[in-house]
Protein chains: 2
Amino acid sequence: MDVAIGLYENFTALDCVGPYDVLSRLPGARVRWVAAERGPVRADAGLVVHAQHAQETFADVPAPDVLLLPGGMAFPNAESDPELIAWVRTAHERTAWTTSVCTGSLILGHAGVLDGLRATSHWAALPLLANLGATPVEERVVFEGKVATAAGVSAGIDLALVLCERIAGREVAEAIQLGIEYDPEPPFATGNAARAPQELKERALGALAAASSAGQ
Amino acid sequence: MDVAIGLYENFTALDCVGPYDVLSRLPGARVRWVAAERGPVRADAGLVVHAQHAQETFADVPAPDVLLLPGGMAFPNAESDPELIAWVRTAHERTAWTTSVCTGSLILGHAGVLDGLRATSHWAALPLLANLGATPVEERVVFEGKVATAAGVSAGIDLALVLCERIAGREVAEAIQLGIEYDPEPPFATGNAARAPQELKERALGALAAASSAGQ
């Protein structure tokens, strides 16, 4: 099973490294990191990733079984990143699963994948989905047929584990969850935007923006 | 505040990318990826990471404020990776915080950092801590003075958020938790080894080993 993670400048690393460390543990899975051009791609806070041997391009991986798009503060669309959008649109025709984490769902929306579907995103970007043909829903992981979207950043771990269950069955998914010791203990009760005061939301967005600019 | 993530071949990416995407959002933080030599370092399932401009070496970053060691299936010690162990031992003398995720605590142990301290690790490696001078404890995050250890893989997110609180206060840490939308919904109740049957543990270890060899 080919899993392709579509990269672009200023993606958020945890959005895709969470799912990567889950999906790479699926029997027979091969996770590939792909981008418009060969070479390293920089994440929003300075980390640079590329593939094991050489970066693969979208043209090298036209039809992955699983497509996963991380989010970020960059919000690529058809004008700013036509190669990415074209790859998503074409690959989606043949995927078994088309997935996103955080604002990666906006990229799916720009590619026309979310037309008429319920979808989620990072809480701060959720309303934008309505302009892209989707119905925004405040859920952590949303499956609509073969399209799955996750909420912000850390939600990709939850999405990937559910996806493992759909692909390989519950026993495999349960073992992977134990393998990554996913028994979370969030220190605060502030992870959910629906229960967060406006002032906290503003500070959260400020911290995200500051880290992104520091990573430039 | 300089945060240094110490890399070595076959580290587990999520162990440090979780903390990276938390700590990089601390005001004034700079996260640096360092290794024995310049150039890319491969994670256990194929991802390759390096620093923003050029990989920094241990010699370039002798005294970070925060030292963070990811784990992996590799278990480096003073014989297999003397540069790493020497860097940890020396850097620890001047850190504000010395931290690890997963089997990264074994590296701290080999460097003599855990002598007489309570510490945790990936559940499968926990007993090994006793041979390295530490008292193994089945907790997700363990603070002992300036030394903090986390349980397996995903526990680095929890550790990093607690560390943010200690460094910058609760308001900042709460905002970062909301920024990464850390309101986890693990799909199964299998993340905790203390409650897992032996058969599930064996399957979990099998999945970890298979992914590591596939990434070679």
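Rules used throughout
- For every chain, the first residue of the written sequence is number 1, and numbering continues from 1 onward in sequence order.
- Chains carry letters from A onward and ligands carry numbers from 1 onward, assigned in written order.
- Only residues with pLDDT of at least 70 are given local features in this predicted model, and only at 80 or more are side-chain atom pairs given and counted; all residues enter the totals for whole chains, interfaces and linings.
- Side-chain descriptors were evaluated using all non-hydrogen atoms of the structure, hydrogens and water having been removed beforehand.
- The helix and strand labels rest on DSSP assignments: H or I over at least four residues marks a helix, E over at least two residues marks a strand, and numbering proceeds from the N terminus.
- Computation of the radius of gyration draws on C-alpha atoms, with the globule rule given as 2.2 Å multiplied by the number of residues to the power 0.38.
- Any two residues whose heavy atoms approach within 4.5 Å at even a single point are treated as in contact.
- Each accessible area value is a Shrake-Rupley result obtained with a 1.4 Å probe; residue values ignore everything except the protein chains displayed when judging cover.
- Positive: Lys, Arg. Negative: Asp, Glu. His and the chain ends are not part of the count.
- Throughout, a charge is located at the NZ atom of Lys, the CZ atom of Arg, the CG atom of Asp or the CD atom of Glu.
- To sort residues, take the accessible area from a 1.4 Å probe on protein chains only and compare it with the maximum for the residue type: under 20% means buried, over 50% means exposed, and anything in between is partly exposed.
- Strand pairing requires that DSSP identify at least two bridges connecting the strands.
- Classification remark: right-handed applies to a crossover when, strands pointing away from the viewer, the course from the first strand over the helix to the second runs clockwise.
- Buried area counts how much accessible surface, traced with a 1.4 Å probe, disappears from two parts once they are put together, with both parts' losses summed.
- We define a salt bridge as a contact between a side-chain nitrogen of Lys or Arg and a carboxyl oxygen of Asp or Glu at a distance within 4 Å.
- Polar contacts, as counted here, are pairs of nitrogen or oxygen atoms within 3.5 Å of one another; within protein the pair requires one atom able to donate a hydrogen and one able to accept it, and residues that are adjacent in sequence qualify only if both atoms are side-chain atoms.
- Three residue categories are used. Nonpolar comprises Ala, Val, Leu, Ile, Met, Phe, Trp, Tyr, Cys and Pro, charged comprises Asp, Glu, Lys and Arg, and polar comprises the others, including Gly.
- For the least-squares superposition of copies, only C-alpha atoms count, and only for residues with pLDDT at least 70 in both.
- Under this scheme, a helix contributes an axis fitted over its contacting stretch, all axes are lines through C-alpha atoms, and angles between N-to-C directions fall in the 0 to 180 degree range.

Student: Any chance you could break down the overall build of chain A for me, citing the residues and the numbers?
Tutor: Scanning chain A from terminus to terminus reveals six helices and eleven strands. The C-alpha atoms of chain A give a radius of gyration of 16 Å, which matches the 17 Å a tight globule of 216 residues would have. With the C-alpha coordinates aligned to their principal axes, the bounding extent of chain A is approximately 45 × 45 × 35 Å. Considering only intrachain contacts with a sequence separation of at least 6, the fraction spanning at least 24 residues in chain A is 63%. Entry remark: accessible area of chain A is about 7,500 Å², with carbon and sulfur atoms responsible for 50%. Distance from the positive charge centre (15 side chains) to the negative charge centre (26 side chains) of chain A: 2 Å.

Student: Account for the pairing of strand 1 (residues 2-6) of chain B, with residues named and values stated.
Tutor: Along a regular strand, successive side chains alternate from one face of the sheet to the other. Residue and element names in this part refer to chain B. Burial within strand 1 is extensive, with five of its five residues counted as buried. Here strand 1 shows a buried face lined by D2, A4 and G6 and a second buried face lined by V3 and I5. By the bridge criterion, five bridges tie strand 1 to strand 2 (residues 30-35) in an arrangement that is parallel. Within the sheet, the bridge partner assigned to I5 lies in strand 2 and is W33. Regarding topology, helix 1 (residues 13-23) serves as the crossover connection from strand 1 to the parallel strand 2, and that connection is right-handed. Summarising the sheet, strand 1 and strand 6 (residues 66-69) pair through three bridges and their orientation is parallel. In the strand pairing of strand 6, V3 is matched with V66.

Student: Break down the interface of chain A and chain B for me, citing the residues and quoting the values.
Tutor: Taken together, the contact between chain A and chain B spans 69 residues of the former and 69 residues of the latter. Summed over both partners, the interface of chain A with chain B comes to about 6,100 Å²; 59% of that surface belongs to carbon and sulfur atoms. Of all residues in chain A, L178, E181 and F188 of chain A give up the largest surface area on contact with chain B, accounting jointly for 13% of the area buried on that side. Summed over the shared surface of chain A and chain B, the number is six salt bridges. The shortest N-O distance in the salt bridge between D183 of chain A and R195 of chain B comes to 3.8 Å. Where chain A meets chain B, there are 32 residue pairs in polar contact (both at pLDDT 80 or more). When contributions to the side of chain A that touches chain B are tallied by element, the ones reaching two or more residues are helix 1 (13-23), strand 4 (48-50), helix 4 (155-168), helix 5 (170-179) and helix 6 (198-214) of chain A. In terms of residues, the side of chain A that touches chain B owes the most to one element, helix 5 of chain A, which gives ten residues. Here the side of chain A that touches chain B is composed, by residue class, of 36 nonpolar, 17 polar and 16 charged.

Student: I'd like a rundown of the relation of the copies chain A and chain B, residues and numbers included.
Tutor: If you rotate chain A by 180 degrees and push it 0.0 Å along the axis, it lands on chain B with an RMSD of 0.0 Å. Between the two chains, the operation in question is that of a two-fold axis. The fraction of interface residues of chain A whose copies in chain B are also interface residues reaches 100%, indicating that both copies meet through the same surface.

Student: An account of the pattern of salt bridges is needed here, citing residue identities and associated values.
Tutor: With the rule as written, the count across this model stands at 20 salt bridges over all chains. Its salt-bridge partner being D2 of chain A, residue R32 of chain A comes within 2.9 Å of it at the nearest N-O pair. One end of the pair, R32 of chain A, is in strand 2 (residues 30-35); the other, D2 of chain A, is in strand 1 (residues 2-6), and 30 residues separate them in sequence. Taken together, the salt bridges that share partners define one network made up of D21 and R25 of chain A together with D44 of chain B.

Student: So what's going on with the sheet that holds strand 2 of chain A? Which residues, and what values?
Tutor: Residues and elements named next belong to chain A. Ordered by their spatial adjacency, seven strands build an open sheet running 5-2-1-6-7-11-10, and the pairing between neighbours is mixed. Looking at strand neighbours, the two that pair on one side only are strand 5 (56-57) and strand 10 (141-144), the edges of this open sheet. The pairing of strand 2 with strand 5 spans two bridges and is parallel. By the bridge assignment for strand 5, A35 is matched with T57.

Student: Which residues make up the sheet that holds strand 2 of chain B, and what values go with them?
Tutor: Residues and elements named next belong to chain B. Pairing is mixed across the open sheet formed by seven strands, whose spatial order is 5-2-1-6-7-11-10. Where the open sheet ends on each side, the last strands, each with one partner, are strand 5 (56-57) and strand 10 (141-144). On top of the sheet, helix 1 reaches strand 1, strand 2, strand 6 and strand 7 (97-101); it is set at about 155 degrees to strand 2, its chief contact. Where helix 2 (residues 82-92) meets the sheet, its contacts fall on strand 1, strand 2, strand 6, strand 7 and strand 11 (147-150), and the angle it forms with strand 6 comes to roughly 150 degrees.

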